[in-house]
Structures are given as structure tokens and as C-alpha cells.
Amino acid sequence: MGSLCYIYGVNIDQKYMSRCMELGQNALGTAAPNPMVGAVVVHKGEIIGEGYTSPFGGPHAEVNAIASVKDKTLLKQATLYVSLEPCSHFGKTPPCADLIVEHNIPEVVIGVLDPNPKVAGKGVQVLEANGCKVRHGILEKECRFHHRRFLTNFEKKRPYILLKWAQTQDGFMAPAQSKRSEKPEPYWITTTPSRQLVHKWRSEEAAILVGTKTALDDNPKLDVRDWHGKNPVRLVLDRDLKLLPGLHLMDGRTKTVVFHQHGKNSKSQLGNLEYVPLNFNKNIPLQICNFLHQNQLSSLLIEGGRATIQHFLDEDLWDEARIFTGATSFGAGISAPEIKKGTSTEQAILTDTLSIQYNEPSYPFSFAKK
């Protein structure tokens, strides 16, 4: 790690690394399971090239940034800033470290090293072995937060897990069954802008999970119809295979995984429907995480219901909780999940309050507010 550069009191390294993360955010929801990397090429104090990770299978951030430089002769005197260590192996694309060497870029500044065993410092080694000056650890905490989905996948061998629910002023997430019987349709707790925000979140994550009761009571689509982007892979817990073909989750329009009790059914694949057996007498959240990790689904948004969310809370298998509190009250019903109190951020969305809480105390909350 090297010293930081200051000009007129401005930390230049931090300035450009912040820009890398800003660029990388554009790849959220499309780059996965690759990391959403941002890269900036700087020549004599001016940005001459920028890029971020293309949708999965396409060029990486460094490739796009270098390609955007109009005068390639300037690269020999430039500095490349990148939020994650450049790759050093052949995957769907050639190694970025080799491309940097090929263009004789003399200096590379990295936010955080890559924990992928195929990289894990090897990118730095390739660069340094070819005469490139490398510095890393610039805004490392912020870069770890930015790359939290990717890092969780490699460091914890599981997807990054987000919990989401809406609760009333009096702490209920669903009305009493008697109300359900009178009016068998979704009871909205939040406002339309909050619900649209949830659709945006869905477009950013690899998979989404609900339980049997939510599937039956609400008949959700779990898609991004109020936003743009791709639908997440839908997951539903259906131990006894109660879900019938007429439900939205069973319509085959989007890849859907049905987790059921081992031995309940012999079918495994019906078009876009995949049936996966679980042992419901063992740790269900862990089994789901293992399945997602094995299938390169690096993030999971859990939308309910209470029992499903509480399973993950009880096993401490969660990273982020996004909790809406609406202006309504039910008086009775299904209580919201019990979550340990911690540092959180809050914001108002019309009459709703959105609270975001992290299970990792080292996350920079001031950065998370941006």
C-alpha cells in the first residue's frame, strides 16, 4: 500500500476511487455473478477513460475503461484506478492484468483485493512482475461495502442475503385470517413509490424467496413489472407441494425453483420450474444458501412471510434488512419478524419510513446513505 496523494487539500486517490464505485453501481443486477467493478484512467490530473463491468459474459471494467481512451499513447503515462483487483485468469474474457501490461500503464491503484482463489493477489503479482507500480487499500472499507455481494459469495461461501418486509404502525405485517377471509387479496401497507422501489431492488438481486403461505395468500408475481431490468430467479418453499398451476409463481414465465420435502415428488424439471428436494428437519436456510452458492446466484432477496424471514434471522444468516413501516394499523394479525436492534439508516418515502439495518457492524453507514 502506498501513500495517498493530495492536491489543494483534496485526496486525489479517494476522489478517483469514489468515481470507480459510482461507475460500478451501473452494473448492479447485470454483472452478477461477476463483481460490479468500476475503473477510471487518469492522465495528468484528468480523466481520459472510464468503464464498468458489462453484463455477465461481456468485457470487464478495465477493458471498457481502456477502450474508451481516445489517444492510446497517453496510457503509457496514465494511472488506472479500479475498485477491485484486476483478474489474472482466463474466464469468459481474457485476463485484465495482461491487458494493462500490454498497454504499458505504469501505475494501478486498487480499492480491495479479489478473494477469488483464481485471482487473490495474482493480479497484483502479474502487474508488479511487469514493472507496474501497484497500490491497494484505497477506500478499502467503502470498496468492501460496494462489493459486498461478490465478497460474501467468496468469503462466506453463500449469497448476500437481504431481508425485506413491510409492517404497520402497530407492528403487523399481515392482517388477521378473519380479514383475509372477508377480503382474499393483498393488503398493502406501503405507498406506491415504496412498492416501486421494491421492484427496483428485485432487478438488482439474483434470486428472490417466499414461503408457501405468502404464495397462497398473496399470489405474488415477484417480478419487476414496475421497474426495468431482468426478473430475479424465483424461489418458493413448498414442503408438501400445495402450490397449484394457477398461481403466478407456477406460470413458468420466469425461472422458478420449488423447494419441497425430500421424497415428496420425483419430478425435477418442468420447463422453467425446477423442483429441488430439501430436508425440512435440518437447517433450511443453510440448505438454500448452499443451493444458491452452487448455482452462482450471489444474492438473495427474501420477501416473506414472517416464518420464512424469521428462519434466516434465527440462524443469523442475513446481511441486510430493509424494513418499511407504513401509516396504517391492523389491530391484529401476523406480527413482524423479531430482529436484533443495531445501527441503521432511515428515510421517509411519502408516509412510509424505510429503515435499513446491516448485520455487519463494520459497514460504513455514512457511505450506505448515499
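If you're wondering where the values come from, they're calculated on a predicted model, not measured in any experiment. (Residues numbered from 1 in each chain as written. Predicted model: local features only at pLDDT ≥ 70, side-chain atom pairs only at ≥ 80, totals over all residues. Heavy atoms only, no water.)

Draft legend 1. How the structure looks around the state of the cysteines. The final tally for this structure, using the stated rule, is zero disulfides. Left unpaired, Cys96 is separated from the closest cysteine sulfur, that of Cys87, by 3.7 Å. On the basis of relative accessibility, which here comes to 0%, the residue Cys96 falls in the buried class. (Disulfide = S-S within 2.5 Å. Buried < 20%, exposed > 50% of the residue type's maximum accessible area, 1.4 Å probe, protein only.)

Draft legend 2. Summary view of the nonpolar core. The biggest cluster of nonpolar side chains holds 38 residues, and the ones touching the most others in it are Met17, Tyr81 and Val108. At the level of elements, helix H1 (12–24), strand E3 (38–43), helix H2 (61–67), strand E5 (79–84), helix H3 (96–102), strand E6 (107–112), helix H4 (122–129) and helix H6 (148–155) are the ones that each hand at least two residues to this core. If we skip the residues at most four places from it in the chain, Tyr81 touches Ile12, Asp13, Tyr16, Met17, Cys20, Gly38, Ala39, Val40, Val42, Val109 and Arg135. Counting 32 residues, the second largest nonpolar core, distinct from the first, contains Ile161, Leu209, Leu237 and Trp318. (Core = buried A, V, L, I, M, F, W, Y, C linked by side-chain atoms within 4.5 Å. Helix = DSSP H or I, 4+ residues; strand = E, 2+ residues; numbered from the N terminus. Contact = heavy atoms within 4.5 Å.)

Draft legend 3. Local environment of the pattern of salt bridges. The tally for this structure, following the rule as stated, stands at 19 salt bridges. Ionic pairing is found between Asp319 and Lys156, a salt bridge with its closest N-O pair at 3.9 Å. Of this pair, Asp319 sits in the loop between helix H11 (306–314) and strand E16 (320–325) while Lys156 sits in the loop between H6 and strand E8 (160–167); the two residues are 163 residues apart in sequence, bridging distant segments of the chain. With a closest N to O distance of 2.8 Å, Arg202 and Glu303 form a salt bridge. Separated by 101 residues along the polypeptide, Arg202 in helix H8 (residues 192–204) and Glu303 in strand E15 (residues 299–304) bring together distant segments of the chain. Its relative accessible area of 8% is what places Arg202 among the buried residues. Owing to a relative accessible area of 12%, Glu303 belongs among the buried residues under this scheme. (Salt bridge = Lys/Arg side-chain N within 4 Å of Asp/Glu carboxyl O.)

Draft legend 4. Spotlight on unusual backbone geometry. Note that the residue after Ala32, namely Pro33, is joined by a cis bond; omega there is 10 degrees. With respect to the helices, strands and loops of the structure, Pro33 is situated in the loop between H1 and E3. For the bond from Gly304 to Gly305, the omega torsion is 5 degrees, close enough to zero to count as cis. Tracing the backbone shows Gly305 in the loop between E15 and H11. With phi around 50 degrees, Lys44 is a residue other than glycine that occupies positive phi space. Relative accessible area serves as the criterion here: at 72%, Lys44 is assigned to the exposed category. Positive phi outside glycine occurs at Leu241, with the angle close to 50 degrees. Residue Leu241 is classed as partly exposed on the basis of its relative accessible area, which comes to 23%.

Draft legend 5. Spatial organisation of the pairing of E5. For E5, the buried fraction is high: six of the six residues fall into the buried class. Across five bridges, E5 lies against E6 in parallel orientation. The partner of Thr79 across the bridge, within E6, is Glu107. (Pairing = 2+ DSSP bridges.)

Draft legend 6. The arrangement of the pairing of strand E4 (residues 46–52) in detail. Relative to E4, E3 runs antiparallel, the two sharing six bridges. If you follow His43 over to E4, its bridge partner there is Glu46. Once E3 ends, the chain turns through two residues before running back antiparallel as E4, passing Lys44 with a positive phi of about 50 degrees.

Draft legend 7. Structural context of the packing of aromatic side chains. Counted by the stated rule, this structure contains five aromatic pairs. On the numbers, 5.2 Å between centres and 50 degrees between planes, the contact of Tyr16 with Tyr81 is tilted. Linking Tyr16 in helix H1 with Tyr81 in strand E5, this pair joins segments that are 65 residues apart in sequence. Centroid distance Phe145 to Tyr358: 5.5 Å. Interplanar angle 75 degrees. Geometry classified as edge-to-face. With Phe145 in helix H5 (residues 140–146) and Tyr358 in strand E19 (residues 352–358), the pair connects residues that are 213 residues apart, well separated along the chain. When sorted by exposure, Phe145 lands in the same class as Tyr358, which is buried. One cation-aromatic arrangement involves Arg195 over Trp188; the distance from NZ or CZ to the ring centre is 4.4 Å. Positioned over the ring face of Trp201 is Arg322, at 4.5 Å from the centre of the ring. (Phe/Tyr/Trp six-rings, centres within 6.5 Å; stacked < 30°, edge-to-face > 60°. Lys NZ or Arg CZ within 6 Å of the ring centre and 35° of its normal.)

Draft legend 8. Representation of the sheet that holds strand E7 (residues 133–136) in the model. Taken in spatial order, the five strands line up as E4-E3-E5-E6-E7 in an open sheet, and their pairing is mixed. Across the chains shown, the open sheet's two edge strands, defined by having one partner strand only, are E4 and E7. Each neighbouring strand pair of the sheet contributes to a mean axis angle of 15 degrees, computed without reference to strand direction. (Axes fitted to C-alpha atoms, helices over the stretch in contact; angles between N-to-C directions.)

Draft legend 9. Representation of the side chain of Glu205 within the structure. Within the secondary structure, Glu205 sits in the loop between H8 and strand E10 (207–210). Residues contacting Glu205, with those up to four places away along its chain left out, are Arg149, Leu162, Pro232, Ser299 and Leu301.

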